[in-house]
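For reference, the chains in residue letters:
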Amino acid sequence: MAEKPTIPKGTRDFSPAEVVKRNYIFDTIKQVFRLYGFQPIETPAMENLSTLMGKYGEEGDKLLFKILNSGDYLSRASDDLLREKDSVKLTSQLSEKGLRYDLTVPFARYVVQYRNDIVFPFRRYQIQPVWRADRPQKGRYREFFQCDVDVIGSNSLLNEAELIQIIDDIFKRLKLNTVVKLNNRKILAGIAELIGQREHLTDITVAIDKLEKIGLDHVNAELAGKGIPAEAIQKLQPVLALKGTTSEILSRLEEILSQSVTGMNGLEETKTILRYLDAMDLSISVELDLTLARGLNYYTGAIIEVKTTDMKMGSICGGGRYDDLTGIFGLPDISGVGVSFGAERIYDVLEHLNLFPQEYPEITRVLFVNFGEREEAYCLPVLERIRREGINAEIYPENAKMKKQLNYANKKEIPFVALAGESEMTAQKFTLKNMSTGVQQLVTPEEMIRILLQTSAR
RNA sequence: GUGGAUGUAGUUCAGUUGGUUAGAACGCUGGAUUGUGGUUCCAGAGGUCGCCGGUUCAAAUCCGGUCUUCCACCCCA
């Protein structure tokens, strides 16, 4: 016996039921994106390694999937490097392509490459899989989908506000209760500046980010561990202790940050965004959260993260403003802002809360039971008419036992079954059975179409 | 990358100090029911116990390796 086939670690197959549910999420997201004037782009699964390397930090480079060159790749590698067995150096000779790690960097590449054809501000969305050679865990895969929306080439804070509006719209449609956490990199920079630790901004934000998770004492310990003087940590305490409503925190920050130009700048931006949001009549609540840091270093302004209040789960959407993403590809001073929806996590949340709809456009709405050749011939034209009406319909392909055919409908969750035997054929009608209620009625093809369209969810 | 668990029918799990033909429930297939499913009853199929190797008269059980899945850290979606 051959061994059972498997798929690579951290990858998944999706069954019909799963694909249908995933499409529900993707379709909802896409619909809203389009509604706000965003257009889709797609980029290749693989990029040149030179495009990807160095964009995600040292850790990120390790997590890149690299693609071996084609042909006799070893013959072109230097003998010295082969003998040295230095993987990093050798890789550059054996591989020049890699699988994309996220959608943001390929997007930046795209913008730079087609800068003369793109109409700015460029509003694009992109829903594609990305790959990371991470160690898999639950909710963490080596292949997963990202849904990114970005506006590039506009400094207006209206973009930030609109993205939050989009978030509100999407999660409203998905019937998920969420909160938006808002912060600003400039506020964090201002804080670092005031305690005299500007060069430790990253360490400080990474540590502050963990406040909720590991508590104040551990955060302070971690800060000390990063070489930040006790005096500076002491100065940081009032900020870490800030609590209250967004407006309370804002006014307290105004005092604290008054000596920092950058900090005040970030504060002003935040207030502007909040003012825009006031005019938008959102149902989602937006809170200022200073502990929100987001790992990635390329954010320069607003930082956004979304959490569900319905269950314990990490963020399901996040993003922010980045001022110089295209700079690394030689096109400086183009500002962008965007967010990414974590489809896999949203899936887990909806599944856990049972929020997926019962009916999907993909599901067959009516199954014609097959009683034999004559009955088949009677059903086929009607089946054809029903399909023309846009109703998903199928006929059981063989004259199997009734029990088996109804069971098939049950398992596929087909809501209606049409039966036609001797009596129906002479009456030129069908018996239409509702599989959930068990009720059945004798109807003409026209009536059947009407019922099927009426009861359809959409 | 570091540390820790896990793996037995399709699924969830039993399996005594190593000892004959490895069990249950659910699911599956068929029948009771020649045109009526989700209930019930009856019957049946299905496992070289993740994979490779070692110890032993004897391994699902002990040991080593490997892979998978999961958990914590790191990082992240």
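> I'm lost on the protein's contact with RNA strand B in this one. Help?
The full set close to RNA strand B counts 36 residues, and Lys 138, Arg 140, Lys 401, Asn 410 and Met 435 are the nearest of them. In RNA strand B, atoms within 4 Å of the protein come 41% from sugar and phosphate. Here Lys 9 contributes a side-chain N or O atom positioned 3.4 Å from a phosphate oxygen of RNA strand B. Gly 10 is positioned such that a nitrogen or oxygen atom in its backbone is 3.4 Å from a phosphate oxygen of RNA strand B. Listed by contribution, the elements that provide at least two residues to the surface near RNA strand B are helix 17 (402-411) and helix 18 (422-427). For the surface near RNA strand B, the leading source of residues is helix 17, giving 7 residues. For the surface near RNA strand B, a count of residues per class yields 8 nonpolar, 13 polar and 15 charged.

> Please explain the sheet that holds strand 15 (residues 430-434) as it appears in this structure.
The strands that make up a sheet pair up through hydrogen bonds in the backbone, lying either parallel or antiparallel. Spatially, 13-12-14-15-16 is the arrangement adopted by the 5 strands of the open sheet, whose pairing is mixed. The open sheet has two edge strands, strand 13 (393-395) and strand 16 (440-443), and neither has a second partner. Across this sheet, the average inter-strand angle for adjacent strands is 25 degrees, counted without regard to direction. Direction of pairing for strand 15 relative to strand 16: antiparallel, over a ladder of 4 bridges. Its bridge partner being in strand 16, Leu 432 is matched across the sheet by Gln 441. Against the sheet, helix 17 touches strand 12 (366-368), strand 13 and strand 14 (416-419), its axis set at about 160 degrees to strand 12.

> Explanation requested: helix 6 (residues 104-113) in the structure shown.
Each α-helix turn comprises 3.6 residues. Residues three or four places apart therefore point the same way. In terms of burial, helix 6 is a largely internal element, 9 of the 10 residues being buried. Along helix 6, the residues classified as buried are Thr 104, Val 105, Pro 106, Phe 107, Ala 108, Arg 109, Tyr 110, Val 111 and Val 112. Along its buried surface, helix 6 packs onto strand 2 (46-48), helix 2 (49-52), strand 5 (122-131), strand 6 (143-152) and strand 10 (317-322).

Rules used throughout
- Residues numbered from 1 in each chain as written.
- Chains lettered and ligands numbered in written order.
- Predicted model: local features only at pLDDT ≥ 70, side-chain atom pairs only at ≥ 80, totals over all residues.
- Heavy atoms only, no water.
- Near = heavy atom within 4 Å.
- Polar contact = N/O pair within 3.5 Å; in protein donor to acceptor, adjacent residues only side chain to side chain.
- Helix = DSSP H or I, 4+ residues; strand = E, 2+ residues; numbered from the N terminus.
- Nonpolar A, V, L, I, M, F, W, Y, C, P; charged D, E, K, R; others polar.
- Pairing = 2+ DSSP bridges.
- Axes fitted to C-alpha atoms, helices over the stretch in contact; angles between N-to-C directions.
- Contact = heavy atoms within 4.5 Å.
- Buried < 20%, exposed > 50% of the residue type's maximum accessible area, 1.4 Å probe, protein only.

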